[in-house]
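Coordinate analysis (summary)
The lines below spell out each chain.
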Amino acid sequence: MSEQKTSVLVVEDDAAVRNLITTALSSHGYEWTSATTGAEAIVAINASLPNIVLLDLGLPDIDGQNVITKVRAWSQVPIIVVSARSDDLDKIQALDAGADDYLSKPFSVGELLARIRTAERHLSYQVREEPREVTFSNGDLYIDYVAGVVQLAGEDLHLTPKEFRLLCLLARNVGRVLTHQFLLREAWEGAQEGDLASLRVFMGTLRKKIGSRYIQTHVGVGYRMVRV
Ligand code: CA
């Protein structure tokens, strides 16, 4: 990252959690602002243009999910949702609404900072790449979306059409956790609905071909391509 400090908007109505997060951010060189309601969050994102948003899903006014939907209408700022709720459904709905990542309460400062670093890594590429690039590079992995070519360290890889679709979805959304539902909907378009078991099989063969370091598994939630 450049010399400029990364700014984080912390949206959290619980003062104790908010203090924990903002103290950790201050002591690790981040700038931050905070909001305690969804309405405040939307105004703050618009007004102060933070680099990253940490969004609690359980807010006193509007649901965090609604905040994501509203913000995504005009901003691609990375959103990390923070949820106290133990069931995966909230996180999955938030990811499908356009969140990039999630953090489950209770979390450690180490986990929090790791998620923020992941978002920062994504940011540093975002400014350089157009959203609809024709080619994609990540470590040894190279994709030409239009020509349908995938290479690993300069060697052509032979992917099935389904594997190629999945890889393109992950690459186009690099840094974001994509839910099982999203991948099934996008890669198995039309009448032939995919199921979770076949998604796992395709993801397994894809990882064998490209190597396991590019794709993270989020148990019960989905998959993410990481920058290596
Ligand atoms: Ca809350």
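What counts, and where the lines are drawn
Residues numbered from 1 in each chain as written. Predicted model: local features only at pLDDT ≥ 70, side-chain atom pairs only at ≥ 80, totals over all residues. Heavy atoms only, no water. Helix = DSSP H or I, 4+ residues; strand = E, 2+ residues; numbered from the N terminus. Rg over C-alpha atoms; globule rule 2.2 N^0.38 Å. Buried < 20%, exposed > 50% of the residue type's maximum accessible area, 1.4 Å probe, protein only. Contact = heavy atoms within 4.5 Å. Lys, Arg positive; Asp, Glu negative; His and termini not counted. Charge placed at Lys NZ, Arg CZ, Asp CG, Glu CD. Salt bridge = Lys/Arg side-chain N within 4 Å of Asp/Glu carboxyl O. Donors = N, O, S within 2.8 Å, 3.2 Å for Na, K, Ca; no water. Pairing = 2+ DSSP bridges. Axes fitted to C-alpha atoms, helices over the stretch in contact; angles between N-to-C directions. Parallel < 35°, antiparallel > 145°, perpendicular 65-115°, else oblique. Left-handed = near helix turned anticlockwise from the far one by under 90°. Domains from an automatic or database assignment. Buried area = accessible area lost by both parts, 1.4 Å probe.

Concerning the overall build of the protein
Looking only at helices and strands, the protein features eight helices and 12 strands. For 228 residues, the compact-globule estimate of 2.2 N^0.38 gives 17 Å, and the C-alpha radius of gyration of the protein, at 18 Å, lies within 12% of that figure. Based on the C-alpha atoms only, the size of the protein along its principal axes is roughly 50 × 40 × 30 Å. In the protein, buried positions account for 47% of the 228 residues. Put simply, 60% of the contacts in the protein that link residues at least 6 apart link residues at least 24 apart. Taking the 24 positively charged and 29 negatively charged side chains of the protein as two groups, their mean positions are separated by 3 Å.

Points about the pattern of salt bridges
A full pass over the atoms with the stated rule returns seven salt bridges. The residue Glu-12 makes a salt bridge to Lys-105 at a minimum N-O spacing of 3.1 Å. Here Glu-12, found in the loop between strand S1 (7-11) and helix H1 (15-27), pairs with Lys-105, found in the loop between strand S5 (101-104) and helix H5 (109-126); they are 93 residues apart in sequence, far enough to count as distant. For Lys-105, a relative accessible area of 22% corresponds to the partly exposed category.

Points about the coordination of the calcium ion
The protein atoms donating to the calcium ion are Asp-13 (OD), Asp-56 (OD) and Gly-58 (O), with metal-donor distances spanning 2.2 to 2.3 Å. Here the donor residues of the calcium ion share one chain and are spaced in sequence as D-x42-D-x1-G. On the basis of relative accessible area, Asp-56 is assigned to the buried category, the value being 4%.

Quick look at the sheet that holds strand S10 (residues 177-179)
The strand order across the open sheet formed by three strands is S10-S12-S11, and the pairing between neighbours is antiparallel. Two strands lie at the open edges of the sheet, namely S10 and strand S11 (215-218), each paired on one side alone. Here the average twist between neighbouring strands, direction ignored, is 30°. Bridge analysis of S10 against strand S12 (residues 222-225) gives three bridges, and the strand direction is antiparallel. In the strand pairing of S12, Leu-178 is matched with Tyr-223.

Details of the packing of helix H2 (residues 38-48) against helix H3 (residues 64-72)
Where H2 meets H3, the axes come as close as 10 Å, and the angle between the chain directions of the two elements is 25°. Considered as vectors, H2 and H3 are oriented roughly parallel to each other. The chirality of how H2 crosses H3 is right-handed. Of the residues in H3, those in contact with Gly-38, Ala-41, Ile-42 and Ile-45 of H2 are Val-67, Lys-70 and Val-71.

Examining the domain arrangement of the protein
For the protein, the domain assignment lists domain 1 (7-123) and domain 2 (161-225). The straight-line distance from the C-alpha centre of domain 1 to that of domain 2 is 25 Å. On the domain 2 side, the residues contacting the 11 residues of domain 1 number 12 residues. Buried surface at the junction of domain 1 and domain 2, both sides included, amounts to about 1000 Å², of which 51% is carbon and sulfur. At the junction of domain 1 and domain 2, the tally comes to one salt bridge.

Considering unusual backbone geometry
Most peptide bonds take the trans configuration, and most residues that are not glycine carry a negative phi. Note that the residue after Lys-105, namely Pro-106, is joined by a cis bond; omega there is -5°. Topologically, Pro-106 is positioned in the loop between S5 and H5. The phi dihedral of Ala-153 falls on the positive side, at around 50°, and the residue is not glycine. Among the structural elements, Ala-153 can be located in the loop between strand S8 (149-152) and strand S9 (155-156). Look at Ala-153 and you get exposed, because its relative accessible area is 55%.

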